[in-house]
Amino acid sequence: MSLPDPPSTPPSGDSPWQPPPGPGWQQQPPPGPPSELARDAEWRRLDLRMLLVHPVNELVRFFPLLIALFLFGSSDDGGVWHYIGVAVPIAIGVVRFATTRFRITPGQIELRRGLLSQSTLTAPLDRVRTVELTASPIHRLLALEKVEIGTGSAGRGSDGRVVLDALGAAEARRLRHELLLRRPGQAESGAGAADPGTQATPAAFAPAPVLLRFDPAWARFAPLTGSGLLIALAGLAASGQFVGNEIAGAIADSGVDRRLASIPLLVLSRQQR
Amino acid sequence: MTALREPAHLVSPRARVLWTLGAAARMLLLFAIAIPVVWLNGLDVPWPAWLALAALALAYVLVMPSYRYRVHRWESTEPAVYTQAGWLSVERRIAPMSRVQTVDLEQSAIGRLFDLAAVTVTTASAAGPLRIEGLDHQVALGLVEELTRRAEAETGDAT
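All of these numbers come straight from a predicted model, not from anything done at the bench.

S.K.: I would appreciate a short explanation of the sheet that holds strand 2 (residues 73-76) of chain B in the present structure.
M.R.: Strands in a sheet are paired, the pairing made by backbone hydrogen bonds, and the direction either parallel or antiparallel. Residues and elements named next belong to chain B. The strand order across the open sheet built from four strands is 1-2-3-4, with neighbouring strands paired in antiparallel fashion. In this open sheet, the two strands that pair with only one neighbour each are strand 1 (9-10) and strand 4 (90-96). Inspection of the sheet shows strand 2 paired to strand 3 (residues 80-86) by four bridges, in the antiparallel sense. Bridging across to strand 3, E75 finds its partner in Y82. Taken strand by strand, helix 2 (residues 47-71) contacts strand 1, strand 2, strand 3 and strand 4, and its axis lies near 160 degrees from that of strand 3. Sheet contacts for helix 4 (residues 137-153): strand 2 and strand 3; angle to strand 2, the most-contacted strand, approximately 40 degrees.

S.K.: Got a minute to help me understand the sheet that holds strand 6 (residues 144-151) of chain A in this structure?
M.R.: Residues and elements named next belong to chain A. Taken in spatial order, the three strands make up an open sheet running 5-6-7, and their pairing is antiparallel. Only two strands of the sheet have a single neighbouring strand rather than two, namely strand 5 (128-134) and strand 7 (161-168). Adjacent strand axes in the sheet meet at a mean angle of 20 degrees when their direction is disregarded. Across six bridges, strand 5 lies against strand 6 in antiparallel orientation. Within the sheet, the bridge partner assigned to E132 lies in strand 6 and is E148.

S.K.: Any chance you could explain the pattern of salt bridges here in plain terms?
M.R.: Note that side chains of opposite charge can pair when their charged atoms are close. Residue and element names in this part refer to chain A. Tallying each qualifying case throughout the model produces 15 salt bridges over all chains. Between D47 and R49 there is a salt bridge, with the nearest N and O atoms lying 2.8 Å from each other. What makes D47 buried here is its relative accessible area of 13%. Two residues, R61 and E58, come together in a salt bridge whose shortest N-O distance is 3.6 Å. One end of the pair is R61 and the other is E58, both in helix 1 (residues 50-61) and three residues apart, which spans about a single turn.

S.K.: Explain the side chain of R127 of chain A here, please?
M.R.: Position of R127 of chain A among the secondary structure elements: in the loop between strand 4 (118-124) and strand 5. An unpaired buried charge is present at R127 of chain A: no salt bridge exists, and D126 of chain A, the closest side chain of opposite charge, is 4.8 Å distant. Here the side chain of R127 of chain A touches V100 of chain B through a polar contact of 2.7 Å, landing on its backbone oxygen.

S.K.: Can you walk me through the nonpolar core in this structure?
M.R.: Core analysis: the largest hydrophobic core is formed by 23 residues, its most contacted members being V147, I149, V162, L164 and L167 of chain A. Only helix 1, strand 2 (101-104), strand 3 (108-113), strand 4, strand 5, strand 6, strand 7 and helix 5 (169-180) of chain A provide two or more residues apiece to this core. Among the elements that line this core, the one with the most residues is strand 7 of chain A, at four residues. Among the nonpolar cores identified, the runner-up in size contains 22 residues, and W74, L105, L143 and A151 of chain B belong to it.

S.K.: Where do I start with the interface of chain A and chain B in this structure?
M.R.: For an interface, size is often stated in terms of accessible area lost upon the parts coming together. Counting residues at the interface gives 24 residues for chain A and 31 residues for chain B. Both faces considered, chain A and chain B share a buried interface measuring about 2100 Å² in area, 46% of it formed by carbon and sulfur atoms. Along the contact surface separating chain A from chain B lie zero salt bridges. Inspection of the chain A/chain B interface yields eight residue pairs in polar contact (both at pLDDT 80 or more).

S.K.: Please explain the packing of aromatic side chains as it appears in this structure.
M.R.: Geometry of an aromatic ring pair is reported as the spacing of the ring centres plus the angle between the planes. Residues and elements named next belong to chain B. In the structure shown here, the tally under the stated rule is three aromatic pairs over all chains. Look at Y60 and W87: their rings are 5.5 Å apart centre to centre, the planes differ by 65 degrees, and that puts the pair in the edge-to-face class. Of this pair, Y60 sits in helix 2 while W87 sits in the loop between strand 3 and strand 4; the two residues are 27 residues apart in sequence, bridging distant segments of the chain. Positioned over the ring face of W19 is R68, at 5.7 Å from the centre of the ring.

S.K.: What is the right way to read the pairing of strand 3 of chain A from this model?
M.R.: Every other side chain in a regular strand lies on the same face of the sheet, so the side chains alternate between the two faces. All names here are of chain A. Pairing between strand 2 and strand 3: four bridges, direction antiparallel. Counterpart to F102 in the pairing with strand 3 is L111. In textbook terms, the turn of a hairpin is the stretch between consecutive antiparallel strands, and for strand 2 and strand 3 this stretch comprises three residues. Here strand 3 runs beside strand 4; their pairing, made up of six bridges, is antiparallel. Of the residues in strand 4, the one forming a bridge with L111 is L121. The turn linking strand 3 back onto strand 4 is made up of four residues, and G114 within it adopts a positive phi angle of 105 degrees.

S.K.: I would appreciate a short explanation of the packing of helix 1 of chain A against helix 2 (residues 63-72) of chain A in the present structure.
M.R.: Packed helix pairs are characterised by how far apart their axes lie and by the angle those axes make with each other. Residue and element names in this part refer to chain A. Put simply, helix 1 and helix 2 touch, their axes get as near as 4 Å, and they point 65 degrees apart. When helix 1 is examined against helix 2, the residues L59, V60 and R61 are found in contact with a partner set consisting of F63, P64 and L66. Residues that form the contact of helix 1 with helix 2 fall into these classes: five nonpolar, no polar and one charged.

S.K.: Would you explain the environment of L133 of chain A in this entry?
M.R.: Residues and elements named next belong to chain A. Looking at the secondary structure, you find L133 in strand 5. A C-alpha to C-alpha distance of 9.0 Å links L133 and A169, two positions 36 residues apart in sequence. Contact partners of L133, with chain neighbours within four places excluded, come to E145, K146, V147, A172, R173 and R176.

S.K.: What am I meant to see in helix 1 (residues 15-40) of chain B here?
M.R.: An α-helix turns once every 3.6 residues. As a result, residues three or four positions apart point the same way. Residue and element names in this part refer to chain B. Between its terminal C-alpha atoms helix 1 stretches 38 Å, which fits the 38 Å expected from 26 residues at 1.5 Å a residue. Buried within helix 1 we find A15, W19, A23, M27, F31 and V38. Contacts from the buried residues of helix 1 go to helix 2, strand 6 (116-123) and strand 7 (130-136). Backbone geometry just after helix 1 places G42 at a positive phi near 65 degrees.

S.K.: When you look at the side chain of S12 of chain B in this model, what are you seeing that I'm missing?
M.R.: By the element assignment, S12 of chain B lies in the loop between strand 1 and helix 1. With near-sequence residues (within four places) excluded, S12 of chain B lies in contact with Y69, L116, G134, L135 and D136 of chain B.

Cut-off values and rules
- Residues numbered from 1 in each chain as written.
- Chains lettered and ligands numbered in written order.
- Predicted model: local features only at pLDDT ≥ 70, side-chain atom pairs only at ≥ 80, totals over all residues.
- Heavy atoms only, no water.
- Pairing = 2+ DSSP bridges.
- Helix = DSSP H or I, 4+ residues; strand = E, 2+ residues; numbered from the N terminus.
- Contact = heavy atoms within 4.5 Å.
- Axes fitted to C-alpha atoms, helices over the stretch in contact; angles between N-to-C directions.
- Salt bridge = Lys/Arg side-chain N within 4 Å of Asp/Glu carboxyl O.
- Buried < 20%, exposed > 50% of the residue type's maximum accessible area, 1.4 Å probe, protein only.
- Lys, Arg positive; Asp, Glu negative; His and termini not counted.
- Polar contact = N/O pair within 3.5 Å; in protein donor to acceptor, adjacent residues only side chain to side chain.
- Core = buried A, V, L, I, M, F, W, Y, C linked by side-chain atoms within 4.5 Å.
- Buried area = accessible area lost by both parts, 1.4 Å probe.
- Phe/Tyr/Trp six-rings, centres within 6.5 Å; stacked < 30°, edge-to-face > 60°.
- Lys NZ or Arg CZ within 6 Å of the ring centre and 35° of its normal.
- Nonpolar A, V, L, I, M, F, W, Y, C, P; charged D, E, K, R; others polar.
- Expected span 1.5 Å × (residues − 1).

This is the structure we're talking about:
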(Lines give C-alpha, C1' and ligand atoms only; values in the text may rest on other atoms or scores of the structure.)
Protein backbone atom coordinates (compact mmCIF):
# COMPACT_ATOMS: atom_id res chain seq x y z
CA MET A 1 0.00 0.00 0.00
CA SER A 2 1.60 3.20 -1.08
CA LEU A 3 0.10 6.43 0.02
CA PRO A 4 0.06 9.69 -1.90
CA ASP A 5 2.01 12.62 -0.62
CA PRO A 6 0.30 14.05 2.40
CA PRO A 7 -1.48 17.32 1.81
CA SER A 8 0.44 20.31 3.02
CA THR A 9 -2.27 21.31 5.45
CA PRO A 10 -4.15 18.90 7.63
CA PRO A 11 -7.77 18.47 6.51
CA SER A 12 -9.81 21.27 7.92
CA GLY A 13 -13.02 20.64 9.74
CA ASP A 14 -14.49 21.02 13.17
CA SER A 15 -14.69 17.34 13.99
CA PRO A 16 -13.67 16.85 17.60
CA TRP A 17 -12.11 13.49 16.76
CA GLN A 18 -9.24 14.86 14.80
CA PRO A 19 -5.95 14.02 16.40
CA PRO A 20 -3.80 17.05 16.98
CA PRO A 21 -1.35 17.77 14.20
CA GLY A 22 2.06 16.79 15.28
CA PRO A 23 4.86 14.39 14.57
CA GLY A 24 3.55 11.15 13.20
CA TRP A 25 0.28 12.58 11.96
CA GLN A 26 -0.07 12.22 8.20
CA GLN A 27 3.40 11.12 7.46
CA GLN A 28 4.67 8.22 5.44
CA PRO A 29 4.49 4.93 7.33
CA PRO A 30 7.35 4.44 9.70
CA PRO A 31 9.93 2.05 8.32
CA GLY A 32 9.23 -0.49 11.07
CA PRO A 33 6.49 -3.05 10.56
CA PRO A 34 5.24 -3.64 7.02
CA SER A 35 1.62 -2.88 6.24
CA GLU A 36 -0.72 -5.76 7.03
CA LEU A 37 -2.62 -5.14 3.81
CA ALA A 38 0.46 -5.11 1.67
CA ARG A 39 1.44 -8.73 2.12
CA ASP A 40 -0.23 -9.69 -1.09
CA ALA A 41 -1.42 -13.01 -2.23
CA GLU A 42 0.59 -15.08 0.16
CA TRP A 43 -1.33 -17.42 2.40
CA ARG A 44 -0.52 -16.78 6.01
CA ARG A 45 -1.14 -18.86 9.06
CA LEU A 46 -2.34 -17.49 12.32
CA ASP A 47 0.17 -16.68 15.01
CA LEU A 48 2.42 -19.58 15.91
CA ARG A 49 1.56 -19.10 19.57
CA MET A 50 -1.89 -20.49 18.78
CA LEU A 51 -0.21 -23.91 18.93
CA LEU A 52 -0.34 -23.39 22.69
CA VAL A 53 -3.88 -22.04 22.79
CA HIS A 54 -5.81 -24.43 20.52
CA PRO A 55 -4.81 -27.65 22.33
CA VAL A 56 -5.69 -26.10 25.69
CA ASN A 57 -9.06 -24.98 24.32
CA GLU A 58 -9.73 -28.45 22.97
CA LEU A 59 -8.73 -30.02 26.29
CA VAL A 60 -11.18 -27.75 28.05
CA ARG A 61 -13.89 -28.70 25.57
CA PHE A 62 -13.17 -32.40 26.12
CA PHE A 63 -12.99 -31.93 29.86
CA PRO A 64 -16.18 -33.82 30.81
CA LEU A 65 -15.07 -36.74 28.65
CA LEU A 66 -11.61 -36.68 30.20
CA ILE A 67 -13.07 -36.71 33.71
CA ALA A 68 -15.16 -39.74 32.82
CA LEU A 69 -12.14 -41.39 31.25
CA PHE A 70 -9.97 -40.85 34.30
CA LEU A 71 -12.66 -41.86 36.78
CA PHE A 72 -13.95 -45.00 35.13
CA GLY A 73 -11.03 -46.00 32.99
CA SER A 74 -8.64 -46.58 35.86
CA SER A 75 -8.88 -50.36 35.67
CA ASP A 76 -6.17 -52.68 34.31
CA ASP A 77 -5.32 -51.19 30.94
CA GLY A 78 -6.78 -47.74 31.51
CA GLY A 79 -3.36 -46.14 31.09
CA VAL A 80 -3.41 -46.29 27.31
CA TRP A 81 -6.80 -44.63 27.17
CA HIS A 82 -5.60 -41.83 29.39
CA TYR A 83 -2.88 -41.02 26.89
CA ILE A 84 -5.29 -41.25 23.96
CA GLY A 85 -7.81 -39.09 25.77
CA VAL A 86 -5.25 -36.34 26.14
CA ALA A 87 -3.57 -36.82 22.76
CA VAL A 88 -6.73 -36.59 20.65
CA PRO A 89 -7.76 -33.10 21.78
CA ILE A 90 -4.20 -31.88 21.38
CA ALA A 91 -4.04 -33.33 17.89
CA ILE A 92 -7.34 -31.65 17.01
CA GLY A 93 -5.92 -28.35 18.22
CA VAL A 94 -2.77 -28.75 16.14
CA VAL A 95 -4.78 -29.72 13.05
CA ARG A 96 -7.01 -26.70 13.55
CA PHE A 97 -3.95 -24.48 13.54
CA ALA A 98 -2.37 -26.20 10.57
CA THR A 99 -5.49 -26.04 8.40
CA THR A 100 -6.41 -22.41 8.99
CA ARG A 101 -4.95 -19.90 6.59
CA PHE A 102 -5.85 -16.46 5.44
CA ARG A 103 -4.63 -13.91 2.99
CA ILE A 104 -5.40 -10.32 2.24
CA THR A 105 -5.12 -9.30 -1.37
CA PRO A 106 -5.54 -5.67 -2.41
CA GLY A 107 -9.27 -6.11 -2.84
CA GLN A 108 -10.40 -8.89 -0.55
CA ILE A 109 -9.77 -11.03 2.47
CA GLU A 110 -9.90 -14.80 2.26
CA LEU A 111 -10.03 -17.33 5.07
CA ARG A 112 -9.57 -21.08 4.62
CA ARG A 113 -10.48 -23.61 7.23
CA GLY A 114 -10.94 -27.30 7.70
CA LEU A 115 -9.27 -30.63 7.09
CA LEU A 116 -12.09 -32.99 6.15
CA SER A 117 -14.79 -30.47 5.43
CA GLN A 118 -13.23 -27.37 4.00
CA SER A 119 -14.51 -23.87 3.61
CA THR A 120 -13.13 -20.77 1.95
CA LEU A 121 -14.69 -17.49 2.99
CA THR A 122 -14.12 -14.47 0.80
CA ALA A 123 -15.10 -10.90 1.60
CA PRO A 124 -14.26 -7.76 -0.39
CA LEU A 125 -12.39 -5.27 1.77
CA ASP A 126 -14.94 -2.59 0.90
CA ARG A 127 -17.57 -4.58 2.80
CA VAL A 128 -15.65 -4.53 6.06
CA ARG A 129 -17.69 -2.64 8.63
CA THR A 130 -16.43 -3.70 12.01
CA VAL A 131 -13.17 -5.08 13.26
CA GLU A 132 -13.37 -6.45 16.75
CA LEU A 133 -10.36 -7.37 18.84
CA THR A 134 -10.90 -9.67 21.78
CA ALA A 135 -8.47 -11.48 24.03
CA SER A 136 -9.30 -14.19 26.53
CA PRO A 137 -7.02 -14.51 29.57
CA ILE A 138 -4.94 -17.14 27.82
CA HIS A 139 -4.69 -14.90 24.76
CA ARG A 140 -3.55 -12.03 26.93
CA LEU A 141 -0.94 -14.17 28.61
CA LEU A 142 0.58 -14.85 25.20
CA ALA A 143 0.02 -11.32 23.84
CA LEU A 144 -2.47 -12.53 21.24
CA GLU A 145 -5.70 -10.97 20.04
CA LYS A 146 -8.60 -12.48 18.18
CA VAL A 147 -9.68 -10.43 15.18
CA GLU A 148 -13.32 -10.65 14.12
CA ILE A 149 -13.99 -8.88 10.87
CA GLY A 150 -17.68 -8.17 10.43
CA THR A 151 -19.29 -7.27 7.14
CA GLY A 152 -22.82 -6.01 6.77
CA SER A 153 -23.96 -9.58 6.17
CA ALA A 154 -27.02 -10.63 8.10
CA GLY A 155 -25.81 -14.19 8.41
CA ARG A 156 -26.80 -16.20 11.40
CA GLY A 157 -24.11 -17.30 13.81
CA SER A 158 -20.71 -17.37 12.24
CA ASP A 159 -22.04 -17.07 8.69
CA GLY A 160 -20.11 -14.47 6.83
CA ARG A 161 -17.92 -13.48 9.75
CA VAL A 162 -14.21 -13.63 9.19
CA VAL A 163 -12.67 -14.69 12.48
CA LEU A 164 -8.90 -14.76 12.76
CA ASP A 165 -8.15 -16.52 16.04
CA ALA A 166 -5.61 -15.20 16.73
CA LEU A 167 -2.85 -12.83 15.67
CA GLY A 168 -0.12 -11.21 17.70
CA ALA A 169 -1.43 -8.16 19.51
CA ALA A 170 0.63 -5.63 17.56
CA GLU A 171 -0.17 -7.27 14.24
CA ALA A 172 -3.87 -7.45 15.11
CA ARG A 173 -4.04 -3.76 15.99
CA ARG A 174 -2.22 -2.79 12.82
CA LEU A 175 -4.61 -4.90 10.77
CA ARG A 176 -7.58 -3.30 12.48
CA HIS A 177 -6.33 0.20 11.81
CA GLU A 178 -5.62 -0.51 8.20
CA LEU A 179 -8.91 -2.23 7.52
CA LEU A 180 -10.96 0.51 9.14
CA LEU A 181 -9.05 3.49 7.80
CA ARG A 182 -8.87 2.13 4.29
CA ARG A 183 -10.35 4.46 1.69
CA PRO A 184 -13.31 3.06 -0.22
CA GLY A 185 -12.45 1.93 -3.69
CA GLN A 186 -8.79 1.98 -2.98
CA ALA A 187 -8.14 -1.36 -4.57
CA GLU A 188 -9.32 -0.32 -8.01
CA SER A 189 -8.40 3.32 -8.12
CA GLY A 190 -4.91 2.90 -6.80
CA ALA A 191 -3.13 5.39 -4.66
CA GLY A 192 -2.95 8.20 -7.17
CA ALA A 193 -6.69 8.55 -7.60
CA ALA A 194 -7.36 9.40 -3.99
CA ASP A 195 -8.84 12.83 -3.66
CA PRO A 196 -6.63 14.89 -1.36
CA GLY A 197 -9.64 16.76 -0.09
CA THR A 198 -11.27 13.64 1.32
CA GLN A 199 -8.13 11.89 2.34
CA ALA A 200 -8.50 10.95 5.96
CA THR A 201 -6.13 8.07 6.38
CA PRO A 202 -3.48 8.73 8.94
CA ALA A 203 -0.56 6.61 7.98
CA ALA A 204 0.89 6.55 11.42
CA PHE A 205 -1.41 5.31 14.10
CA ALA A 206 -2.52 8.30 16.00
CA PRO A 207 -3.53 7.07 19.43
CA ALA A 208 -7.28 6.94 19.72
CA PRO A 209 -8.63 9.80 21.83
CA VAL A 210 -9.94 8.71 25.21
CA LEU A 211 -13.64 9.46 25.41
CA LEU A 212 -14.24 8.74 29.05
CA ARG A 213 -12.46 7.04 31.91
CA PHE A 214 -14.11 5.13 34.72
CA ASP A 215 -14.49 7.21 37.85
CA PRO A 216 -14.97 5.23 41.10
CA ALA A 217 -17.24 8.01 42.35
CA TRP A 218 -19.91 6.73 39.92
CA ALA A 219 -20.45 3.83 42.30
CA ARG A 220 -22.63 5.99 44.50
CA PHE A 221 -25.20 6.21 41.72
CA ALA A 222 -25.42 2.45 41.47
CA PRO A 223 -28.30 2.07 44.01
CA LEU A 224 -30.38 4.43 41.89
CA THR A 225 -30.93 1.77 39.28
CA GLY A 226 -33.79 -0.67 39.67
CA SER A 227 -31.61 -3.67 40.35
CA GLY A 228 -29.38 -1.67 42.70
CA LEU A 229 -32.40 -0.61 44.70
CA LEU A 230 -33.64 -4.19 44.83
CA ILE A 231 -30.29 -5.44 46.11
CA ALA A 232 -30.14 -2.66 48.70
CA LEU A 233 -33.64 -3.50 49.92
CA ALA A 234 -32.80 -7.19 50.06
CA GLY A 235 -29.71 -6.38 52.12
CA LEU A 236 -31.76 -4.17 54.41
CA ALA A 237 -34.38 -6.86 54.87
CA ALA A 238 -31.81 -9.53 55.62
CA SER A 239 -29.94 -7.39 58.13
CA GLY A 240 -33.25 -6.27 59.61
CA GLN A 241 -34.26 -9.82 60.18
CA PHE A 242 -30.91 -10.63 61.71
CA VAL A 243 -30.97 -7.59 64.01
CA GLY A 244 -34.59 -8.32 64.90
CA ASN A 245 -33.72 -11.85 65.90
CA GLU A 246 -30.86 -10.59 68.02
CA ILE A 247 -33.12 -8.11 69.81
CA ALA A 248 -35.78 -10.75 70.38
CA GLY A 249 -33.13 -13.09 71.80
CA ALA A 250 -31.78 -10.36 74.07
CA ILE A 251 -35.26 -9.56 75.34
CA ALA A 252 -35.97 -13.22 76.04
CA ASP A 253 -32.70 -13.50 77.94
CA SER A 254 -33.29 -10.45 80.11
CA GLY A 255 -36.80 -11.47 81.13
CA VAL A 256 -38.24 -8.05 80.28
CA ASP A 257 -40.96 -9.66 78.20
CA ARG A 258 -42.57 -11.29 81.24
CA ARG A 259 -42.69 -8.00 83.10
CA LEU A 260 -44.06 -6.20 80.07
CA ALA A 261 -46.78 -8.79 79.61
CA SER A 262 -48.91 -7.21 82.35
CA ILE A 263 -48.99 -3.74 80.74
CA PRO A 264 -51.60 -4.42 78.04
CA LEU A 265 -53.89 -5.74 80.75
CA LEU A 266 -53.48 -2.50 82.65
CA VAL A 267 -54.28 -0.49 79.55
CA LEU A 268 -57.33 -2.56 78.83
CA SER A 269 -58.62 -2.27 82.35
CA ARG A 270 -58.28 1.51 82.24
CA GLN A 271 -60.22 1.73 79.06
CA GLN A 272 -63.01 -0.32 80.52
CA ARG A 273 -63.53 2.12 83.30
CA MET B 1 -45.74 -9.00 -18.59
CA THR B 2 -43.28 -11.79 -18.85
CA ALA B 3 -43.06 -14.45 -16.20
CA LEU B 4 -39.89 -14.84 -14.19
CA ARG B 5 -37.86 -17.49 -15.97
CA GLU B 6 -35.94 -20.21 -14.20
CA PRO B 7 -32.23 -19.82 -13.50
CA ALA B 8 -30.10 -21.13 -16.33
CA HIS B 9 -27.92 -23.84 -14.84
CA LEU B 10 -28.62 -27.17 -13.19
CA VAL B 11 -26.40 -28.39 -10.39
CA SER B 12 -24.08 -31.36 -10.84
CA PRO B 13 -25.82 -34.70 -11.60
CA ARG B 14 -23.71 -36.26 -8.86
CA ALA B 15 -25.65 -34.18 -6.35
CA ARG B 16 -28.45 -36.75 -6.72
CA VAL B 17 -26.18 -39.43 -5.27
CA LEU B 18 -25.37 -37.21 -2.33
CA TRP B 19 -29.04 -36.41 -1.70
CA THR B 20 -29.96 -40.10 -2.00
CA LEU B 21 -27.35 -41.02 0.59
CA GLY B 22 -28.57 -38.28 2.90
CA ALA B 23 -32.21 -39.34 2.50
CA ALA B 24 -31.35 -43.00 3.08
CA ALA B 25 -29.41 -42.10 6.21
CA ARG B 26 -32.33 -40.05 7.53
CA MET B 27 -34.82 -42.84 6.88
CA LEU B 28 -32.57 -45.45 8.50
CA LEU B 29 -32.25 -43.18 11.50
CA LEU B 30 -36.03 -42.82 11.63
CA PHE B 31 -36.52 -46.59 11.71
CA ALA B 32 -33.60 -47.07 14.09
CA ILE B 33 -35.43 -44.82 16.55
CA ALA B 34 -39.01 -45.86 15.81
CA ILE B 35 -38.57 -49.64 16.05
CA PRO B 36 -36.99 -49.74 19.55
CA VAL B 37 -39.47 -47.15 20.82
CA VAL B 38 -42.43 -49.16 19.61
CA TRP B 39 -40.96 -52.42 20.86
CA LEU B 40 -39.97 -51.12 24.30
CA ASN B 41 -43.35 -49.56 24.91
CA GLY B 42 -45.09 -52.76 23.89
CA LEU B 43 -47.20 -50.94 21.29
CA ASP B 44 -49.05 -53.14 18.87
CA VAL B 45 -48.53 -51.57 15.47
CA PRO B 46 -50.23 -53.58 12.71
CA TRP B 47 -47.97 -54.78 9.96
CA PRO B 48 -49.74 -52.82 7.17
CA ALA B 49 -48.75 -49.65 8.99
CA TRP B 50 -45.11 -50.72 8.95
CA LEU B 51 -45.44 -51.61 5.29
CA ALA B 52 -46.95 -48.23 4.44
CA LEU B 53 -44.23 -46.41 6.36
CA ALA B 54 -41.50 -48.42 4.63
CA ALA B 55 -43.08 -47.72 1.24
CA LEU B 56 -43.21 -44.00 1.98
CA ALA B 57 -39.60 -43.98 3.13
CA LEU B 58 -38.50 -45.89 0.04
CA ALA B 59 -40.42 -43.54 -2.24
CA TYR B 60 -38.81 -40.58 -0.51
CA VAL B 61 -35.33 -41.99 -0.99
CA LEU B 62 -35.97 -42.88 -4.63
CA VAL B 63 -38.06 -39.95 -5.86
CA MET B 64 -36.91 -36.93 -3.85
CA PRO B 65 -33.33 -36.65 -5.20
CA SER B 66 -34.23 -36.73 -8.89
CA TYR B 67 -37.13 -34.35 -8.34
CA ARG B 68 -34.93 -32.02 -6.33
CA TYR B 69 -32.32 -32.19 -9.05
CA ARG B 70 -34.81 -30.75 -11.51
CA VAL B 71 -35.73 -27.90 -9.17
CA HIS B 72 -32.32 -26.79 -7.94
CA ARG B 73 -30.95 -24.23 -10.37
CA TRP B 74 -28.63 -21.28 -10.28
CA GLU B 75 -27.37 -18.47 -12.41
CA SER B 76 -24.84 -15.71 -12.01
CA THR B 77 -25.04 -12.72 -14.31
CA GLU B 78 -23.48 -9.31 -14.38
CA PRO B 79 -26.12 -7.61 -12.23
CA ALA B 80 -27.24 -10.41 -9.93
CA VAL B 81 -27.02 -13.96 -8.66
CA TYR B 82 -30.22 -15.98 -8.96
CA THR B 83 -31.01 -19.27 -7.23
CA GLN B 84 -33.93 -21.66 -7.12
CA ALA B 85 -34.08 -24.41 -4.54
CA GLY B 86 -36.55 -26.67 -2.85
CA TRP B 87 -38.57 -29.78 -3.36
CA LEU B 88 -42.19 -29.56 -2.28
CA SER B 89 -41.89 -25.85 -1.65
CA VAL B 90 -39.75 -23.97 -4.10
CA GLU B 91 -37.88 -20.79 -3.31
CA ARG B 92 -36.35 -18.41 -5.79
CA ARG B 93 -33.95 -15.75 -4.64
CA ILE B 94 -32.17 -12.96 -6.43
CA ALA B 95 -29.36 -10.98 -4.87
CA PRO B 96 -27.93 -7.97 -6.71
CA MET B 97 -24.18 -8.18 -7.10
CA SER B 98 -23.92 -4.80 -5.39
CA ARG B 99 -25.38 -6.34 -2.23
CA VAL B 100 -23.04 -9.30 -1.93
CA GLN B 101 -21.16 -9.26 1.34
CA THR B 102 -19.19 -12.48 1.52
CA VAL B 103 -18.82 -15.56 -0.64
CA ASP B 104 -18.25 -18.88 1.09
CA LEU B 105 -17.13 -22.06 -0.63
CA GLU B 106 -17.72 -25.16 1.45
CA GLN B 107 -16.94 -28.81 0.90
CA SER B 108 -18.23 -31.31 3.40
CA ALA B 109 -16.23 -34.48 4.01
CA ILE B 110 -18.76 -36.57 2.05
CA GLY B 111 -19.07 -33.88 -0.60
CA ARG B 112 -15.35 -34.17 -1.25
CA LEU B 113 -15.75 -37.87 -2.03
CA PHE B 114 -18.03 -36.88 -4.90
CA ASP B 115 -16.06 -33.74 -5.78
CA LEU B 116 -19.03 -31.56 -4.90
CA ALA B 117 -19.09 -28.18 -3.20
CA ALA B 118 -21.59 -25.63 -1.92
CA VAL B 119 -21.44 -21.89 -2.41
CA THR B 120 -23.01 -19.56 0.16
CA VAL B 121 -23.49 -15.91 -0.71
CA THR B 122 -24.32 -13.71 2.24
CA THR B 123 -26.01 -10.36 1.88
CA ALA B 124 -27.24 -7.84 4.39
CA SER B 125 -30.75 -9.18 3.83
CA ALA B 126 -32.63 -10.49 6.82
CA ALA B 127 -33.80 -13.38 4.65
CA GLY B 128 -30.41 -14.97 5.17
CA PRO B 129 -27.77 -16.15 2.74
CA LEU B 130 -28.24 -17.62 -0.72
CA ARG B 131 -26.97 -21.15 -0.89
CA ILE B 132 -26.25 -23.26 -3.94
CA GLU B 133 -25.66 -26.90 -3.04
CA GLY B 134 -24.35 -29.79 -5.07
CA LEU B 135 -22.13 -27.89 -7.48
CA ASP B 136 -19.25 -29.55 -9.22
CA HIS B 137 -16.07 -28.43 -7.47
CA GLN B 138 -14.53 -26.81 -10.56
CA VAL B 139 -17.79 -25.04 -11.40
CA ALA B 140 -18.01 -23.83 -7.81
CA LEU B 141 -14.46 -22.48 -7.91
CA GLY B 142 -15.26 -20.62 -11.12
CA LEU B 143 -18.45 -19.23 -9.63
CA VAL B 144 -16.68 -18.03 -6.49
CA GLU B 145 -14.00 -16.39 -8.58
CA GLU B 146 -16.63 -14.67 -10.71
CA LEU B 147 -18.73 -13.58 -7.75
CA THR B 148 -15.83 -12.16 -5.79
CA ARG B 149 -14.54 -10.31 -8.85
CA ARG B 150 -17.93 -8.75 -9.51
CA ALA B 151 -18.59 -8.01 -5.85
CA GLU B 152 -15.21 -6.36 -5.52
CA ALA B 153 -15.92 -4.18 -8.54
CA GLU B 154 -18.91 -2.78 -6.67
CA THR B 155 -17.46 -0.42 -4.11
CA GLY B 156 -19.08 0.62 -0.89
CA ASP B 157 -20.22 -1.53 1.99
CA ALA B 158 -23.15 -2.96 0.02
CA THR B 159 -26.03 -2.40 2.38
